[in-house]
Amino acid sequence: MKRLPRNTILVGDVRERLRDLPEASVDTVITSPPYFGLRDYGVDEQLGLEPHVDAWTANLQRVFADVARVIKPTGSVWLNLGDSFSRHPRHGAPPKGLLLAPERLLLALTEDGWIVRNKVIWAKSNPMPSSVTDRLSLTYEVVYFLVRSKEYFFDLDAIREPHRSSAAKRSRSPRNIGGGWAGPLAAPREGLRRSGIVRPGHPLGKNPGDVWQIATRGTASAHFAVFPEELVRRPLLATCPEKVCSACGRPWRRRVLRSRDLPTELEGVITLPELRPDCRCGAPTVPGVVLDPFFGTGTTGAVAARYGRDWVGIELNPDYAEMARARLGLTPPETAA
Ligand SMILES: C[S@@+](CC[C@H](N)C(=O)[O-])C[C@H]1O[C@@H](n2cnc3c(N)ncnc32)[C@H](O)[C@@H]1O
């Protein structure tokens, strides 16, 4: 049986190297594949330089079919994608038109059974200056959050943020939330409607929401599409468990604190509830594992190591793999920690 390599970079084509990983073995995937037609990573077999956007979509769809095999049933994927403009009708859109590459891929992944839970806007606080005069400049990218089943691991408490509004900080007074039919697909509000109140201000902080203001990283390194570390931190803490049962692989979870059970004045005083096993194995624990199948310079691995999680990277370009090894303090070649 295959064993999951931990804290290792697998050098090669993602379409081959993913087959080296065992089924249902990784807890989360955080990755940014090459966008369509934007960069040349200097190696044969690289993705992103397909002649038509639909060929790019089909290639990545195949990669994510393999990703579906290697993630655990409780696992998830954070997929950072950007779009590009067509230069020729043969790329897949009239010249000057956005190719809608992320949308094409996400629709294909949905057909394959992926459940899209969030579309996070990475709002760049330092967007590239642009000289265009006939459209708006591009100031954001998207990070999609996908899962395979309705039950998955998500530790919201680990990524809550301090409340900003004084209303949320102070208010304990009941507030009528109003009613009315919200539409056939609106999120259920029965619980709130029945109690007739909302208590703003969860004592552990607020949900960070789906618009993240994060600066892009400089391009001092020889690699030009490096993740900002903050873009990895939140996904990692939310979906890569700190502890996993070494026998059955199930993540340990926290007891969920409900805001109505706790006074908001305790914000910042209450520590996170302890993690507890979700199984009866009684076996020792190991850290959760994050996979980045387009590892580049290893940002996902660096953030994982900082927070005590294990990681696996796949990277086609040996020079980038070498940069990642140096950054992660590994000795060549492919040394497991
Ligand atoms: C957007 S970059 C990832 C950057 C990374 N997130 C970081 O922080 O450094 C995409 C990476 O995918 C790699 N890549 C392209 N085609 C690949 C393939 N077929 N298999 C594996 N890696 C590939 C490129 O060499 C590049 O390093």
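Residues numbered from 1 in each chain as written. Predicted model: local features only at pLDDT ≥ 70, side-chain atom pairs only at ≥ 80, totals over all residues. Heavy atoms only, no water.

By the naming in an unreviewed UniProt entry, the chain goes by Methyltransferase and is assigned to Actinomadura decatromicini. Per its UniProt entry, the chain bears the Catalytic activity (unreviewed entry) comment "a 2'-deoxycytidine in DNA + S-adenosyl-L-methionine = an N(4)-methyl-2'-deoxycytidine in DNA + S-adenosyl-L-homocysteine + H(+)". (UniProt positions renumbered as here; feature names shortened; annotations may be inferred.)

A. Broad picture of the environment of T139. Here T139 is to be found in the loop between β4 (115–124) and β5 (140–147). The contact partners of T139, leaving out residues within four places of it in the chain, are W122, A123, K124 and P127. (Helix = DSSP H or I, 4+ residues; strand = E, 2+ residues; numbered from the N terminus. Contact = heavy atoms within 4.5 Å.)

B. Representation of the sheet that holds strand β11 (residues 289–292). Strand order in this open sheet of eight strands is β1-β12-β11-β2-β3-β5-β4-β6, and the pairing throughout is mixed. Single-partner strands in this sheet number two, and they are β1 (8–11) and β6 (211–214). Taken over all neighbouring pairs, the strand axes of this sheet differ in orientation by 20° on average, direction set aside. Note that β4 and β5 share eight bridges and pair antiparallel. Within β5, the position partnered with V116 by the bridge is L146. Against the sheet, helix α3 (residues 101–111) makes contact with β3 (71–81), β4 and β5, and its axis sits at roughly 165° relative to β3, the strand it touches most. (Pairing = 2+ DSSP bridges. Axes fitted to C-alpha atoms, helices over the stretch in contact; angles between N-to-C directions.)

C. Summary view of α3. Listed in full, the buried residues belonging to α3 are A101, P102, L105, L106, A108 and L109. Angularly, the buried residues of α3 cover 160° about the axis, an arc narrow enough to put them on a single face. Projecting away from the buried face of α3 at angles above 90 degrees are the exposed residues L107 and E111. Those residues of α3 that are buried are in contact with α2 (53–70), β3, β4 and β5. Phi for G113, located one or two positions after α3, is positive at around 100°. (Buried < 20%, exposed > 50% of the residue type's maximum accessible area, 1.4 Å probe, protein only. Arc of directions from axis to C-beta.)

D. Quick peek at the pattern of salt bridges. Enumeration over the complete set of coordinates arrives at 17 salt bridges. For the salt bridge of K96 with D134, the shortest nitrogen-to-oxygen distance reads 2.6 Å. Taken as a pair, K96 in the loop between β3 and α3 and D134 in the loop between β4 and β5 lie far apart in primary sequence, 38 residues in all. Of the two residues examined, K96 and D134, each falls in the exposed class. A salt bridge links K124 to E141; the nearest nitrogen and oxygen atoms lie 2.6 Å apart. Of the two residues, K124 is situated in strand β4 and E141 in strand β5; the sequence distance between them amounts to 17 residues. The pair K124 / E141 is uniform in exposure class, with both members buried. Taken together, the salt bridges that share partners define one network made up of D155, E242 and R254. (Salt bridge = Lys/Arg side-chain N within 4 Å of Asp/Glu carboxyl O.)

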